[in-house]
Amino acid sequence: MAAGARPKGPVAGVYYIDTGDCELVPDQDNSTGWLLKINGVMSSHIDLADPLFLDFEYMRWIAALVESRWSRDAKPKLRTLHLGGGACTMARYFHAAYPEARQVVVELDGKLAEYVRGWFDLPKAPLLRIRVGEAREVTESLTPNTRDLIIRDVFAGAFTPTPLTTREFTAHADAVLAPDGLYVVNSGDAPDLKNARSDAATIADTFEHTMIIADPAMLKGRRYGNMIMAGSHAPFGDDPVLARRLLGGGVPAHIWDDAQVRAFAAGTPVRHDPAG
């Protein structure tokens, strides 16, 4: 589609964006589903008829973890920061799960943000604001103790950009969180798990309590994939409902507690910003 076009509602095709191109593809298995590819890489899935449907397993794991910390029945007014926008799938989910939440999605690509607003039935501000900018710069600009939940889901290719993975950045995220807040990252890695160990070491160096959620093959270093890691200054506790929920779905997942996370990261240097 020509640059500058702004369709209302999803229309299949390739679109020019600030960082390259994206493609909107109908889900062949779901008449109300859409897939979003960015520069040829699968990024997001949205079901227009059901915001609580999450097609990607790692997003289901994030939702289960958050709902274990904050019951939907309590209707908390979660203050959530999403680093990485895509189709705003998680923000749309949390709006349905927590109608009184206030959410900010940070998206680097301004043109993509415009398209997503036009394609999908996203909540309006102040319930959901899309802020165009670089995730680290935005995080560092925020007032301390103003978010309950931060989700880092930013990728350049197979990995998260290094400036968003360092101890210094993680400390900024920690400062923005409330004392009992939750920091969640989507950590992508190869079977050697080198990147995942570094992420785990950095999060464990910042937060008193940690957790990893992933499928057994990923935990054993048998495939490329994603781990969900979380850090908090409040204990996660032992939630049997969360454990059972993670065992459901197409890709059952296991939980590593704080001791297992720290053992996994043992001997791995904490990742820091370059000196100088």
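Every value quoted in this text rests on a predicted model; they were computed, and no experiment measured them. (Residues numbered from 1 in each chain as written. Predicted model: local features only at pLDDT ≥ 70, side-chain atom pairs only at ≥ 80, totals over all residues. Heavy atoms only, no water.)

Asks: Honestly, the packing of aromatic side chains in this entry has me stumped. Any pointers?
Replies: Note on aromatic pairs: each is described by the distance of the centres and the angle between the planes. All told, the structure shown has 9 aromatic pairs when counted by the stated rule. Positioned over the ring face of Trp70 is Arg69, at 5.9 Å from the centre of the ring. (Phe/Tyr/Trp six-rings, centres within 6.5 Å; stacked < 30°, edge-to-face > 60°. Lys NZ or Arg CZ within 6 Å of the ring centre and 35° of its normal.)

Asks: Would you take a moment to explain unusual backbone geometry for this structure?
Replies: Excluding glycine, most residues fall at negative phi; most peptide bonds, likewise, are trans. Cis geometry is found at the peptide bond from Ala125 to Pro126, where omega equals 10 degrees. One non-glycine residue with positive phi stands out, namely Asn39, at about 50 degrees. Here Asn39 lies in the loop between β3 (33–38) and β4 (41–47). With a relative accessible area of 42%, Asn39 lands in the partly exposed category. Positive phi, close to 60 degrees, is recorded for Cys88, a residue that is not glycine. Tracing the sequence through the fold places Cys88 in the loop between β5 (79–83) and α2 (89–97). Its relative accessible area of 4% is what places Cys88 among the buried residues. (Helix = DSSP H or I, 4+ residues; strand = E, 2+ residues; numbered from the N terminus. Buried < 20%, exposed > 50% of the residue type's maximum accessible area, 1.4 Å probe, protein only.)

Asks: Hey, could you run me through the nonpolar core in this one?
Replies: Of all hydrophobic cores here, the largest spans 32 residues; its most connected members are Leu83, Ile150, Tyr183, Ile212, Met227, Met229 and Phe264. Per element, the largest residue contribution to this core is 4 residues, and it comes from helix α6 (residues 194–206). Excluding anything up to four places from it in sequence, Leu83 contacts Val106, Ala135, Thr139, Ile150, Ile151, Arg152, Asp153, Val154 and Phe169. Counting 31 residues, the second-largest nonpolar core is a separate cluster that includes Trp70, Leu78, Met90 and Leu246. (Core = buried A, V, L, I, M, F, W, Y, C linked by side-chain atoms within 4.5 Å. Contact = heavy atoms within 4.5 Å.)

Asks: Can you walk me through the pairing of strand β10 (residues 209–214) in this structure?
Replies: Sheet faces and side chains relate simply in a regular strand, where the side chains alternate between the two faces. Of all 6 residues that make up β10, 5 are buried, and the element is covered over most of its length. Two elements, β10 and strand β11 (residues 225–232), share 5 bridges in a ladder whose sense is antiparallel. Note that in β11 the partner of Met211 across the bridge is Ala230. Bridge count between β10 and strand β12 (residues 254–256): 3 bridges; the pairing is antiparallel. Its bridge partner lying in β12, Ala214 is registered against His254. (Pairing = 2+ DSSP bridges.)

Asks: Looking at this structure, I do not really get the pattern of salt bridges. What am I missing?
Replies: Opposite charge on two side chains makes pairing possible when the charged atoms of those side chains draw close. Per the counting criterion, the structure on display carries 13 salt bridges. Linking Glu67 and Arg72 is a salt bridge whose minimum nitrogen-to-oxygen distance equals 3.8 Å. By relative accessible area, which is 13% here, Glu67 ends up buried. The exposure class assigned to Arg72 is partly exposed, which follows from its relative accessible area of 34%. Salt bridges here are not isolated pairs; linked through shared partners, they connect Glu67, Arg72 and Arg245. (Salt bridge = Lys/Arg side-chain N within 4 Å of Asp/Glu carboxyl O.)

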